[in-house]
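Structure assessment
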Amino acid sequence: MDISITGGRIFYTLPIDFPILGKFQITETLVVSWIVMLLITGLCIWLTHDLKVEKISKRQAVAEMLVETANNFVIGNMTEKFRRLIPFVAALFATSVVSNLISLTGLRSPTADLSTEAAWAVVVFIMITAEKIKAGGLGGYLKGFTTPIFVMTPFNVLSELATPISMACRHFGNILSGVVINALIYAALAVASSALLGLIPGAVGDLLSQIPILDVGIPAVLSVYFDWFSGCMQAFIFCMLTTMYIANAAEV
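The notes below deal with the structure included here. Given the structure is predicted, the values throughout are model-derived calculations rather than measurements.

**Re unusual backbone geometry**
- A positive phi angle is found at Lys55, which is not glycine, with a value near 50°.
- As for its placement among the helices and strands, Lys55 is situated in the loop between α1 (28-47) and α2 (58-78).
- Assessed through its relative accessible area of 80%, Lys55 is described here as exposed.
- Of note, Thr79 is a non-glycine position whose phi angle comes to about 75°, a positive value.

**Here we look at the side chain of Thr111**
- In this structure, Thr111 sits in the loop between α3 (86-101) and α4 (114-143).
- Engagement of the side chain of Thr111 in a polar contact is seen with the side chain of Asn100, the distance being 2.6 Å.
- Reaching out from Thr111, the side chain makes a polar contact with the side chain of Ser109 at a distance of 2.6 Å.
- Beyond its immediate chain neighbours, meaning those up to four positions away, Thr111 contacts Ser99, Asn100, Glu117, Trp120, His171, Phe172 and Ile175.

**Notes on the pattern of salt bridges**
- Per the stated rule, a full pass over the model turns up three salt bridges.
- Here Glu80 ties to Arg83 by a salt bridge, and the two come within 2.5 Å at their closest N and O atoms.
- A residue is classified by how much of its surface remains accessible, and Glu80, at 45% relative accessible area, is partly exposed.
- Salt-bridge contacts for Glu160 lead to Lys132; the nearest nitrogen and oxygen are separated by 3.0 Å. Here Glu160 is found in helix α5 (residues 153-197), whereas its partner Lys132 is found in helix α4, with 28 residues between them in sequence. As far as the burial class goes, Glu160 and Lys132 line up, both buried.

Analysis parameters
Residues numbered from 1 in each chain as written. Predicted model: local features only at pLDDT ≥ 70, side-chain atom pairs only at ≥ 80, totals over all residues. Heavy atoms only, no water. Helix = DSSP H or I, 4+ residues; strand = E, 2+ residues; numbered from the N terminus. Buried < 20%, exposed > 50% of the residue type's maximum accessible area, 1.4 Å probe, protein only. Polar contact = N/O pair within 3.5 Å; in protein donor to acceptor, adjacent residues only side chain to side chain. Contact = heavy atoms within 4.5 Å. Salt bridge = Lys/Arg side-chain N within 4 Å of Asp/Glu carboxyl O.

The analysis is restricted to geometry; functional conclusions fall outside its scope.
Right, dumping it as structure tokens:
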């Protein structure tokens, strides 16, 4: 197995050479995404294990609360007609939240890679298009690009393509900005710690200046916003836009 580092990202290249696809590359984003899926799968199995009708456990109560919240969110924003999308929206939210918060463990968040959000946005865009075609037929969908006048067709096409692009870039930009800001804060505090402790004369000062003492505690406080609040909020916004776009597409 070959290991290479490109642009700060680690690539694990499996020694399998496909005739058409070439070598199959596994990136850090892909590996962490698998870890996220395993965590969510394990949590779901644990929460739904040994369910009872009476005298339910606290674990089952939490599971029922999560299911009820997902039901209310989807039905409240999309009506009863879209009940079938509850598992999809719930899975999308859970994946986004865990992917955003996994950076707290030191792993690189998959949502800090544009390819992750782009894949989600493409799936949502296909669902939006399918609902539009289902509501007005293929002819009605294509005719919609020519409204209100034929000259507007190129702009309508761009507007249609802007939906998945804006969804992906909005989520990616907010998560990546938090990662970058946290990295800058760590670097700045390390420099400040070195400069402050370097004022101590002698060998003690030389030794302590190598220890980034200010990196302990302060970044943890800031991560409450950049990791916890921002991560959960971006997952909520992405799912809210998903439900709104799909529901509006069905009304065309």
